[in-house]
Amino acid sequence: MKTLNLIPMSAHIDNQQDRLAEIFRQMDNQIIQESKVAFLKIQSWQFAVRTPEIGATYLREAASMITQSLLSFVPNNFVLSEEGYYMNPIEN
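Draft legend 1. Just the overall build of the protein chain, in detail. For the protein chain, the helix and strand inventory stands at three helices and zero strands. Traced from its N-terminal end to its C-terminal end, the protein chain shows the element sequence α-α-α. For the protein chain, the proportion of its 92 residues judged to be buried stands at 5%. Of the roughly 9,300 Å² that the protein chain leaves accessible, carbon and sulfur atoms contribute 61%.

Draft legend 2. Expanded view of the packing of aromatic side chains. Using the criterion set out here, one finds one aromatic pair in the structure. Note on Tyr-85 and Tyr-86: the rings are 5.4 Å apart at their centroids and 75° apart in plane angle, and the pair reads as edge-to-face.

Draft legend 3. Representation of a nonpolar patch on the surface within the structure. Nonpolar side chains collect at one region of the surface, where Trp-45, Val-49, Ile-54, Tyr-58 and Leu-59 lie side by side and expose about 400 Å² of accessible area between them. Of all elements in the fold, only α1 (17–50) and α2 (52–70) reach the threshold of two or more residues within the nonpolar patch. Broken down by element, the residue count for the nonpolar patch peaks at three residues, all from α2. Mapped onto the elements, Trp-45 comes out in helix α1. Trp-45 sits in the partly exposed class, given a relative accessible area of 32%.

The rules behind the values
Residues numbered from 1 in each chain as written. Predicted model: local features only at pLDDT ≥ 70, side-chain atom pairs only at ≥ 80, totals over all residues. Heavy atoms only, no water. Helix = DSSP H or I, 4+ residues; strand = E, 2+ residues; numbered from the N terminus. Buried < 20%, exposed > 50% of the residue type's maximum accessible area, 1.4 Å probe, protein only. Areas by Shrake-Rupley, 256 points an atom, 1.4 Å probe, with all protein chains shown as cover. Phe/Tyr/Trp six-rings, centres within 6.5 Å; stacked < 30°, edge-to-face > 60°. Patch = residues over 30% accessible without salt bridge, like charges linked within 9 Å, V, L, I, M, F, W, Y side chains within 5 Å. Salt bridge = Lys/Arg side-chain N within 4 Å of Asp/Glu carboxyl O.

So this is what it looks like as structure tokens:
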């Protein structure tokens, strides 16, 4: 008489779909929140530019922010040190 094995085999590979789905959901929620904040900032910017008194101040501040952050030169070794390149031994 044959005996049936009712205990299922354990999987050799962990199924991480639940964890990956949760990470995706969290990232999606974060992107949605950041998009809403960006949209509100754009709306306030458009309103401020239409207002003559506030618009000129906003434009001056925006120009200074752009020149100080986006268009400023940053040396390569500064970026590498900020990313921790020099802290760890080089591994190939």
